[in-house]
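Each chain is listed here by its residues.
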Amino acid sequence: MSFLGFVEGPLFTVAAVVFVLGVIWKLAGILFLGIRPDYATPRGSALGGAVITNIRHLFPRRIFLANGGLFHFLTGYAFHIGLFILLIFALPHMTFLKDRIFGFGWPALPRWAFIVMAELALGGLLLLWIRRLSDPVQRLVSEPADHISTGLTLLVMLTGCFALQISHDVLRAIHMLLADLWLIYFPFGRLMHSFTFLFSRGMTGAAYGRRGVAP
Amino acid sequence: MSTQRKHRSFGLRAICALAVLAVFLMLNMPQASAQTSGRDVRPPDINSTTLAEPSGPSNALGDKSDSDFWRQIRRANPGKVTIPDRQAAVLIQSDGQNWRAVRTGPIKVYGSWILAAVVVILTVFFAIRGRIRIQSGRSGRVIMRFTLNQRIVHWFIAVLFIFMALTGLIILYGRDVLIPLIGKPAFSVIASASKQGHDLFGPLFLLATLALFVSFVKGNLPQRGDLKWILKGGGFFGGHASSHRYNAGEKLWFWWAVLFGLLLSLSGLTMLFPTVIPELGNLQLANLLHGIAAILVIAFAIGHIYLGTIGMEGALEAMTDGYVDENWAREHHDLWHEEMRRKGEIEPALPPSGGRGMSAPASGE
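Residues numbered from 1 in each chain as written. Chains lettered and ligands numbered in written order. Predicted model: local features only at pLDDT ≥ 70, side-chain atom pairs only at ≥ 80, totals over all residues.

Counting its secondary structure elements, chain A contains ten helices and zero strands. In chain A, the succession of α and β elements from N to C terminus is α-α-α-α-α-α-α-α-α-α. Considered along the principal axes of its C-alpha atoms, chain A spans approximately 65 × 40 × 35 Å. Within the span of chain A, comprising 215 residues, buried residues form 26% of the whole. (Helix = DSSP H or I, 4+ residues; strand = E, 2+ residues; numbered from the N terminus. Buried ≥ 20, exposed ≤ 12 C-beta atoms within 10 Å, placed from the backbone.)

Written out as structure tokens, the structure reads:
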């Protein structure tokens with residue numbers, strides 16, 4: 001079996017299993033933590049507060065825009081939107097997912113859109129990481145897990161771009177190897193925020209919503 | 001009787017007609033012969049106006065010589081095509097040979113000499129001069145030199161530039177340097193990755209260059225005292241050289257980076273989207289300008305990186321923490337230091353865990 005066959009075959013299967021089981025285990029762990037009972041008479045809907053807070057926090061409040069919030073808003077959305085669109089709609093990804101998992105395909109991005117999304121994702125992540133390293137406060141509150149998650153994601157994206165010509169199996173294999181490592185690391189590092197942000201924002205919103213306030 | 005006269009008259013007319021025909025053929029024979037064999041004996045036409053004609057031979061037999069025909073092709077004179085791509089009318093784009101000769105000749109050779117010379121000069125300078133220390137030691141007080149936004153823009157373009165420079169040098173010098181070391185198959189992989197990465201990061205580099213201009217242009221315009229700083233060689237000749245927020249060398253680097261950065265970006269975009277300017281000659285010119293600008297910016301950047309890291313004590317922290325020691329400011333940018341002092345912008349350095357002036361100890365070394 002070739003190295004490419006290994007990283008796209010057995011290693012990918014292991015990585016996917018670790019990813020799925022790890023995410024379920026972590027989310028179940030959070031859900032089974034439970035909530036301390038609140039005996040006060042509710043003045044509003046906890047569920048409504050959770051939903052509204054999640055929606056409202058998609059956009060920064062005006063007061064935060066001046067103090068670096070606009071930078072985070074633009075770079076954060078550029079990176080996340082670019083990454084998710086690439087992940088699902090890039091032609092090589094769609095073909096891989098169709099062949100290996102779903103059995104059916106969907107319309108893929110034209111090449112120009114692929115390039116634009118890659119620029120957004122790479123530029124956004126690079127700027128976010130530089131800010132994390134340049135801002136004294138962010139630098140102090142950052143842990144190795146933050147840098148590992150960011151660096152690994154950047155490497156996966158970068159090697160994907162290196163393999164764009166689709167003419168060398170080695171480049172594709174390196175990209176796939178890093179993608180497998182990314183999947184394996186996902187449940188155990190900061191990448192889990194892809195799922196947990198809904199819970200953390202929801203908890204805050206529910207607590208306030210029950211008091212009749214929508215933060 | 002009349003019948004015999006008619007026959008004789010007809011015979012005379014036929015003989016006359018045959019005679020006329022024979023004379024006609026004889027008169028035209030040399031011309032026809034010349035037409036069929038003329039290409040073997042005709043001297044080459046070196047008249048430039050003839051060579052510039054946009055057509056090949058006018059008929060199958062050819063009213064021009066083969067050498068003319070091939071000379072026109074060789075000199076990139078366009079023929080006629082019915083497809084939309086008019087460049088297909090040129091069979092051999094002879095300027096491409098000139099482009100290749102310049103790219104693989106002067107640009108590669110002189111470029112490598114320039115880069116090597118910069119490295120050698122800086123190495124010798126470092127060996128002789130050593131690290132430029134803060135002569136009066138650290139003061140324990142700091143001045144903010146670069147804002148957070150300036151630092152982000154600086155590191156963003158720095159990362160992009162180093163990536164673009166490395167991949168660009170692989171594209172330019174890889175065949176000469178890497179193939180003997182790692183072989184063709186491995187180089188093929190590295191070259192493909194470099195090309196894709198270089199192309200992808202190019203548009204980001206343009207945005208970063210524009211951001212660099214906007215963030216740093218204030219203070220980088222020419223000021224009184226810059227010429228004196230240059231004449232004193234930045235302090236190497238004729239004692240201390242006074243400087244504002246940025247000295248003349250830093251200003252030169254700023255404008256060098258911005259202007260050549262824009263030239264790099266625009267020439268790169270021209271090559272990245274070759275259908276926008278469809279003339280092949282423009283693409284070749286863009287490629288040459290791209291190579292020259294790259295060598296010049298990389299050469300200057302090596303000096304900038306040297307002075308910003310190992311070459312000068314106290315310089316790097318300006319870009320990592322945003323603050324510089326007061327004594328560093330006084331020794332290298334005395335006019336700016338005086339301005340900050342008057343404004344009351346000098347602060348005590350925080351202890352190492354505090355973030356501000358993190359690398360500054362309480363007392364001088």
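Moving on, we come to the overall build of chain B. Within chain B one finds eleven helices and three strands. Ordered by position from the N terminus, the helices and strands of chain B form the series α-α-α-α-β-α-α-α-α-α-β-α-α-β. Across chain B, every contact between residues at least 6 apart in sequence was considered, and the portion connecting residues at least 24 apart equals 68%. (Contact = placed C-beta atoms within 7 Å.)

Before going further, it helps to spend a moment on the environment of B:Glu326. Residue and element names in this part refer to chain B. The topology assignment puts Glu326 in helix H10 (residues 326-332). Separated by 23 residues in sequence, Glu326 and Ala349 have C-alpha atoms that sit 9.7 Å apart. With sequence-adjacent residues up to four places away left out, Glu326 is seen in contact with Ser139, Arg141, Val142, Ile143, His337 and Ile346.

Here the focus is the sheet that holds strand E2 (residues 323-325) of chain B. All names here are of chain B. A sheet is described by the order of its strands in space; here three strands give the open sequence E2-E1-E3, paired in antiparallel fashion. Only two strands of the sheet have a single neighbouring strand rather than two, namely E2 and strand E3 (346-348). When strand polarity is set aside, the average angle formed by the axes of neighbouring strands in this sheet is 45 degrees. Where strand E1 (residues 141-144) lies against E2, three bridges are found, and the strand directions are antiparallel. When the bridges of E2 are listed, Met144 appears paired with Tyr323. (Pairing = 2+ DSSP bridges. Axes fitted to C-alpha atoms, helices over the stretch in contact; angles between N-to-C directions.)

Moving on, we get to the interface of chain B and chain A. Taken together, the 17 residues of chain B in the interface contact 21 residues of chain A. Counted by class, the side of chain B that touches chain A contains ten nonpolar, four polar and three charged residues. (Nonpolar A, V, L, I, M, F, W, Y, C, P; charged D, E, K, R; others polar.)

Considered domain by domain, chain B is made up of domain 1 (44-92) and domain 2 (95-130 + 147-321). Computed from C-alpha coordinates alone, the two centres of domain 1 of chain B and domain 2 of chain B are separated by 43 Å. (Domains from an automatic or database assignment.)

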